Amino acid sequence: MKNEVIFEKLGIQKITIPLPFRLDHVHCFLVKGATGYTLIDTGLHDEQAKKIWQEKLPGKDVEKIILTHLHPDHTGYAGVLQKQTNAPVYMSEIDAKAMQTIWKEEAIPLLQRDYHTFAVPEQMTEKIIQLIRKTTNIVEPTPNVHQFLRDGETINIGDYTYDIIATPGHAEGLVCLYEPETKVLLSTDHVLPKITPNIAYWFYGEKNPLLSYKTSLEKIKKLDISYVIPSHGEPFEDVYTRIDEIWTHHEERIEKTYDAMKNGITVFDMCDILFPYELSVYDYQFAIGEAVAHMEYVRHEGRCERTIESGVYIYQSLT
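Residues numbered from 1 in each chain as written. Predicted model: local features only at pLDDT ≥ 70, side-chain atom pairs only at ≥ 80, totals over all residues. Heavy atoms only, no water.

**Quick word on the environment of Val26**
Looking at where Val26 falls in the secondary structure, it is placed in strand β2 (residues 25-33). The residues touching Val26, leaving out its near neighbours within four places in the chain, are Ile15, Thr16, Ile17, Leu19, Gly43, Asp73, His74, Ser231 and His232. (Helix = DSSP H or I, 4+ residues; strand = E, 2+ residues; numbered from the N terminus. Contact = heavy atoms within 4.5 Å.)

**Thoughts on the packing of aromatic side chains**
A full pass over the atoms with the stated rule returns 12 aromatic pairs. Taken together, a centroid distance of 6.3 Å and an interplanar angle of 45° make the contact between Tyr115 and Phe118 tilted. Looking at Tyr115, the relative accessible area reads 3%, which means it is buried. The structure contains a cluster of three or more aromatic residues connected by ring pairs, namely Phe21, Trp202, Phe203, Tyr204, Tyr282 and Phe286. In this structure, Lys60 packs its charged tip against the face of Tyr37, placed 5.8 Å from the ring centre. The ring centre of Tyr313 lies 4.1 Å from the NZ or CZ of Arg306, which sits over that ring. (Phe/Tyr/Trp six-rings, centres within 6.5 Å; stacked < 30°, edge-to-face > 60°. Buried < 20%, exposed > 50% of the residue type's maximum accessible area, 1.4 Å probe, protein only. Lys NZ or Arg CZ within 6 Å of the ring centre and 35° of its normal.)

**Some remarks on the pattern of salt bridges**
Here the structure, examined in full by the defined rule, presents 16 salt bridges. A salt bridge links Glu290 to Arg253; its shortest N-O distance comes to 3.0 Å. In this pair, Glu290 is assigned in helix α11 (residues 281-301) and Arg253 in helix α9 (residues 239-259), connecting sequence segments 37 residues apart. For Glu290, a relative accessible area of 5% puts it in the buried group. Glu296 is paired through a salt bridge with Arg299; the nearest N and O atoms lie 2.9 Å apart. (Salt bridge = Lys/Arg side-chain N within 4 Å of Asp/Glu carboxyl O.)

**Some thoughts on the packing of helix α6 (residues 108-117) against helix α7 (residues 122-139)**
Any two packed helices are characterised by how steeply their axes cross, that is the angle between the axes, and by the distance between the axes. Where α6 contacts α7, the axes come no closer than 11 Å and their chain directions differ by 150°. Of the possible angle classes, the one that applies to α6 and α7 is roughly antiparallel. Note that α6 runs across α7; the crossing there is right-handed. Along the contact surface, α6 presents Ile108, Leu111, Gln112 and Tyr115, while α7 presents Thr125, Glu126, Ile128, Ile129, Ile132 and Arg133. Taken together, the residues that form the contact of α6 with α7 break down as six nonpolar, two polar and two charged. (Axes fitted to C-alpha atoms, helices over the stretch in contact; angles between N-to-C directions. Parallel < 35°, antiparallel > 145°, perpendicular 65-115°, else oblique. Left-handed = near helix turned anticlockwise from the far one by under 90°. Nonpolar A, V, L, I, M, F, W, Y, C, P; charged D, E, K, R; others polar.)

Here you go:
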């Protein structure tokens, strides 16, 4: 009942779009205002999203499309919807620029370079590259971003004014949206109720994404929040306890990472330590990035050193 009251007050309609991944859905939002609708995130460019938006959008005047961050499940269908609605697209500048390059062929050599230094076997690298090349089909056409979402500024969504909060970590340009009157946070993928968001190092992004994520969690804890609407899972109330749970998980993983460095270790071998179960090719691209993020966090703390042997990074603890 509380969900219904809050959603109705803010004019929010949750649009759940299936995904063909382990994480099998994404929540997008259609927000009604006095002069039209705001669309927040879009799903992939696939038949599932196409069917759902064809059912939900006819007869609605879409004023703007907001993309909370660059990941395909949030942006893939944006280009199509922009053409259909002629609505301006809003997104952070960092992610808008990255979105124009990361799925392109010219990004592949950068990934190959990094994966070599991470000791990823060539066969696995090629399989991941094949996946990335297929991603082009679910993210194009990319939208034209008309206005950048900037930390500390506000944006009208429906009949309310939301604070734009930059929360890098899961994606460098990820933004959350906070409505101070109702104390509601649209947390996108920054804080999720049941799972921990993937925090990964990518060749195009931050050098210490896990530290950025920690800082972003602390930033959210300073807000007066009574209700959280995430992009995966169900809305929830006690965001402060959930933030503590998430960071405790990462602290445990940081220490596990550090302990595994005593005799020197590569990134790919660290994947087996942090994820001791069978991984698909799809899983490996996230496991590799998350392993690097934790290893780089330890290195920036000054607790390990990174050397290079035959072009491969070796991380070894200092004590």
